[in-house]
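Structural characterization, general
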Amino acid sequence: LTTGGRVSRSRAAATKARASLLPRSWPQHAMKASYTNVETEEKEELVRSEGEPDDRRETSTSSTCWSQLCCAGGGLLGIRACILGSVVVQNTAYALVRRYSRGALRETYSTSSVLLVMEVAKMALSAFQIVTSDAPSDVPSGSALSKYAYLITHSLTMLVPAVVYLAMNILGFVSLKYIDAATFAILAQMKVFTTAIFSVVLLQRKLHLRKWRALLTLTLGVVLISHEAMPKSAAAGDSRAKLAFAEFLLGIAASVGDVVLSGFVSIYFEKVLKSKTETYSVWDRNFQLAFWSILIYTPIMIHDNPRQPFAGWTPMAAVCAAVGGTGGVLVALSIKYADSIMKTIATTGAIVFTTILNAAFLDGPFTLPIVAGAVVVMVSVCNYNDRGDPES
């Protein structure tokens, strides 16, 4: 009975911790149903602990956890599916519009001006959500200005991702100037490995061998598509061909730098968002991140063009800023409701859409190897999320 009591209290504490992650806006009857299942689960656990086989206990516990999520209106699963789907769409659109703007139209607007507009829009949205949201936060209650002032004075930890995101965005624009959107999107998926490595190093997370195999096959699919999508070389001795090859290498190098930084900042942001010493909502962190980003981007934009910082702006530049601005919020939300590797794997679905749309509208390649590589990528995503057969 003593052992059973400890198990019961431990399971109750773990379940309440999971329940604290659920949005407060969910219906009260759903929350009540969830806690009712907790009490039922405690009683069943005491009975099962008297001698029920381990595999039956695991199956029953999984069923109870599943029913808890369903009783909460399917909210957590629905939120994850919606957010990850939005990330795929945003990644696809962001790669295509930047390639079309820089590569096809050869527009000359300042990159820092686009990034600044993105951060201003993100900061405005976060500021609104901070006032209206009831998410758990250490920010003291009071007026909107007092909340903003508190967040700014406690935002030093967000300086690091602000600098990293600056470098990533600049590298992304440079890369898409010299390589097509499909190749860029495919190379960007190599951040799956960098994210996994940083998660092991910084978060001491252990990945099952099954997940590493899924990451390996995912990378093979990426390599297959990349080889087929890359520009074909011209005749030897052609000066234009040499210049094109040099530009292609510059685009690849910029993409690789983007990949490494992306893996690091994803894990850093996850560690900050899920910190146990302080509690801030996603909107709090995005507000802090936007604050530092604006301080960094503004002098760079003025340095690029002191008299007319927004010179060369077009409707496509505004589209780039709008699509890019949604990306930061989606990344933060996806990290909040799913781990970084799950989010990174989900964005690989953008490969398929980017390649298809790149072929349809930007004269990109679309061949059998690309289709085969896309299938390999999708199967790898399924394998990564598969928990395997229960142990007997």
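Read on for a plain summary of the structure. (Residues numbered from 1 in each chain as written. Predicted model: local features only at pLDDT ≥ 70, side-chain atom pairs only at ≥ 80, totals over all residues. Heavy atoms only, no water.)

1. Some details on the overall build of the protein
Applicable threshold: Comment: elements are numbered from the N terminus, with helices defined as DSSP H or I runs of at least four residues and strands as E runs of at least two. Each residue gets one of three labels from its accessible area relative to the maximum for its type: buried under 20%, exposed over 50%, partly exposed in between, using a 1.4 Å probe on protein chains only. Any two residues whose heavy atoms approach within 4.5 Å at even a single point are treated as in contact.
Of regular secondary structure, the protein possesses 16 helices and zero strands. When each of the 392 residues of the protein is scored for burial, the buried share is 44%. A separation of at least 24 residues holds for 84% of the contacts in the protein among residues at least 6 apart in sequence.

2. Let's talk about helix α9 (residues 191–203)
If you check which residues of α9 are buried, you get K191, V192, T194, T195, A196 and S199. Positive phi shows up at Q204, right after α9, with a value of about 50°.

3. So, the environment of V377
Within the secondary structure, V377 is located in helix α16 (residues 368–385). Taking the C-alpha atoms as reference points, V377 and A214, 163 residues apart in sequence, are found 9.1 Å from one another.

4. Focus: the pattern of salt bridges
Short version of the rule: Think of a salt bridge as a Lys or Arg side-chain nitrogen and an Asp or Glu carboxyl oxygen that are within 4 Å of each other.
Throughout the structure, instances matching the rule amount to one salt bridge. For E119, the salt bridge is made with K122, and the minimal N-O distance between the two is 3.3 Å. Remark: K122 and E119 occur in helix α5 (residues 111–132); sequence separation between them is three residues, near one turn of the helix. Residue E119 is classed as buried on the basis of its relative accessible area, which comes to 5%.

5. What about the environment of P369?
Inspection of the secondary structure assignment puts P369 in helix α16. As for P369 and H227, which are separated by 142 residues in sequence, their C-alpha atoms are 9.0 Å apart. Look past the residues within four positions of P369 in its chain and what remains in contact with it is L224 and E228.

6. Some points on the nonpolar core
Cut-off, in case you're wondering: What is meant by a nonpolar core is a set of buried Ala, Val, Leu, Ile, Met, Phe, Trp, Tyr and Cys residues, joined one to another through side-chain atoms within 4.5 Å.
If you look at the biggest cluster of nonpolar residues, it comprises 46 residues, and the most contacted ones within it are V114 and F287. For this core, the secondary-structure elements that each account for two or more residues are α4 (75–104), α5, α6 (144–153), α7 (159–178), α11 (239–273), α12 (282–304) and α13 (315–337). The element best represented in this core is α12, accounting for 11 residues. Sequence-distant contacts of V114, defined by excluding residues within four places in its chain, comprise Y109, F173, W313, A317, C320 and A321. Formed by 13 residues, the second largest nonpolar core is a distinct cluster that contains L207, V222, I225 and I351.

7. Some thoughts on the packing of aromatic side chains
The relation between two aromatic rings is expressed through the spacing of the ring centres and the mutual angle of the planes. Note the cut-off: The aromatic pairing rule takes the rings of Phe, Tyr and Trp, using the six-membered ring of Trp, and pairs them if the centres are within 6.5 Å, calling planes under 30 degrees apart stacked, those over 60 edge-to-face and the rest tilted. Charge over a ring is defined by NZ of Lys or CZ of Arg lying within 6 Å of the ring centre and within 35 degrees of the ring normal.
With the rule as written, the count across this model stands at five aromatic pairs. Here Y148 and F287 contribute two aromatic rings whose centre-to-centre distance is 5.2 Å and whose plane-to-plane angle is 20°, an arrangement assigned as stacked. Here F287 lies in helix α12 and Y148 lies in helix α6, a separation of 139 residues in the sequence. Comparing Y148 with F287 shows no difference in burial state: the two are buried. Here F310 and W313 contribute two aromatic rings whose centre-to-centre distance is 5.6 Å and whose plane-to-plane angle is 75°, an arrangement assigned as edge-to-face. What makes W313 partly exposed here is its relative accessible area of 26%. Ring pairs connect the aromatic residues F198, F264 and Y268, which therefore count as one cluster. We note R98 situated over the ring of Y94; from NZ or CZ to the ring centre the distance is 3.7 Å.

Remember, this is a structural readout, not a statement about activity or role.
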